[in-house]
Amino acid sequence: MGKVIAVANQKGGVGKTTTAVNLSACLGKLGKKTLLIDIDPQGNSTSGLGVDPRSVETSVYDCIINETPMSEVLIDTGFDNLWICPSNINLAGAELELVMKENREYVLKNSIREIKDNFDFIFIDCPPSLGLITLNSFSAAESVLVPIQCEYYALEGLSQLTNTIKMVKKALNPELTLEGVLLTMFDARTNLSIQVVDEVKKFFREKVYATVIPRNVRLSEAPSFGQPIIEYDKHSKGAECYTELASEVIEKNN
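The structure presented is a predicted model; accordingly, all values stated were derived computationally and were not measured.

Let's shift gears to the sheet that holds strand 4 (residues 82-85). In sheet architecture, strand pairing relies on hydrogen bonds along the backbone and comes in two forms, parallel and antiparallel. Ordered in space as 3-4-2-5-1-6-7-8, the eight strands form an open sheet in which the pairing is mixed. If you trace the sheet from one side to the other, it starts and ends with strand 3 (75-76) and strand 8 (208-214), each paired once. One ladder, built from three bridges, connects strand 1 (residues 3-7) with strand 6 (residues 143-149); its direction is parallel. Residue Val7 lies in a different strand from strand 6, and its bridge partner there is Leu145. Each of strand 5 (121-125), strand 7 (177-186) and strand 8 touches helix 11 (residues 237-252); the most contacted strand, strand 8, lies at about 165° to it.

Structure, rendered in structure tokens:
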């Protein structure tokens, strides 16, 4: 049965989609059958895996609003063991449409149930907000992976995110845990990056991954070619680090 992990941080620009795409691809490369559900209306995970959101006929929107079976929406990315449940701009209005639905916080969970046993890992790339779509993701997930940028405002808003996780655990999903905290955009040349790492480790202790993702030009370039870093440049530092992270995730979930 697949482990469902939401990748979330309501702060934008922290490497959330970069992590969702590249961790999924590296797990696939390591032989784990992996699904990435793109539930961000921007569709960046979808395009990052070479699928044009504008050309997608059915998307995650149809799963949660029109109750289309998820198995009919999945696309084989052509990368090793990796599938995508795509997103497109239709999802932008889904928050309002969900308000009218019965059991609205569990729509995504019910949709995933049908395909869950087909995968080893299922990642949900959440939008950078704490709205109804993110609540759906947290209700569907067993754990939350939080990428944190090694920058000045890194811990800002994190207490809000951890409170939301606690609230969802209490009210909607008692199984929900913190999968781990990933430090991204690390620059070894700056004292600030090193201070942020220390601060985050103090705050989250053993939940912080040993792997730290550096600032890496090749990582930034890969999405514009519709490829995960492991395909775009497998010898780059970014590919190396996400492969290490994938190994860490497998080890933690054995």
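Still more to cover.
Time to look at helix 8 (residues 191-204). The first and last C-alpha atoms of helix 8 sit 20 Å apart over 14 residues, in line with the 20 Å expected at 1.5 Å per residue. Along helix 8, the positions that sit buried rather than exposed are Ser193, Val196, Val197, Val200 and Phe204. All buried residues of helix 8 project into a common sector of 100° when viewed along the axis, lining one side. Exposed and facing more than 90 degrees away from the buried side of helix 8 are Asn191 and Lys202. Positive backbone phi, at 50°, marks Arg205, one or two positions downstream of helix 8.

With that out of the way, let us pick up the packing of helix 1 (residues 16-29) against helix 11. Following both chains from N to C, one finds helix 1 and helix 11 inclined at 70°, their axes separated by 8 Å at the closest point. Judged on the interaxial angle alone, helix 11 and helix 1 are roughly perpendicular. Within the contact between the two elements, helix 1 uses Thr18, Thr19, Asn22, Leu23, Cys26 and Leu27 and helix 11 uses Ala239, Tyr242, Thr243, Leu245, Ala246, Val249 and Ile250. Taken together, the residues of the contact of helix 1 with helix 11 break down into nine nonpolar, four polar and no charged.

Look at Glu67: it is not a glycine, yet its phi comes out positive at around 60°. Its location among the elements puts Glu67 in the loop between helix 3 (60-65) and strand 3. Residue classification places Glu67 among the exposed residues on the basis of a relative accessible area of 61%. Of note, Arg205 is a non-glycine position whose phi angle comes to about 50°, a positive value. Note on placement: Arg205 falls in the loop between helix 8 and strand 8.

On to the environment of Glu244, then. Of note, Glu244 is situated in helix 11. With a relative accessible area of 40%, Glu244 lands in the partly exposed category. A sequence separation of 221 residues divides Glu244 from Leu23, and the C-alpha atoms of the two residues are 9.4 Å apart.

Burial within strand 7 is extensive, with eight of its ten residues counted as buried. Read from strand 6 through helix 7 (residues 158-171) to strand 7, the crossover connection turns out right-handed. Where strand 7 meets strand 8, three bridges bridge the pair, whose relative direction is parallel. Paired with Val181 across the strands is Val208, a residue of strand 8. Regarding topology, helix 8 serves as the crossover connection from strand 7 to the parallel strand 8, and that connection is right-handed.

Conventions and cut-offs
Residues numbered from 1 in each chain as written. Predicted model: local features only at pLDDT ≥ 70, side-chain atom pairs only at ≥ 80, totals over all residues. Heavy atoms only, no water. Pairing = 2+ DSSP bridges. Helix = DSSP H or I, 4+ residues; strand = E, 2+ residues; numbered from the N terminus. Contact = heavy atoms within 4.5 Å. Axes fitted to C-alpha atoms, helices over the stretch in contact; angles between N-to-C directions. Expected span 1.5 Å × (residues − 1). Buried < 20%, exposed > 50% of the residue type's maximum accessible area, 1.4 Å probe, protein only. Arc of directions from axis to C-beta. Parallel < 35°, antiparallel > 145°, perpendicular 65-115°, else oblique. Nonpolar A, V, L, I, M, F, W, Y, C, P; charged D, E, K, R; others polar. Right-handed = clockwise from strand over helix to strand, strands pointing away.

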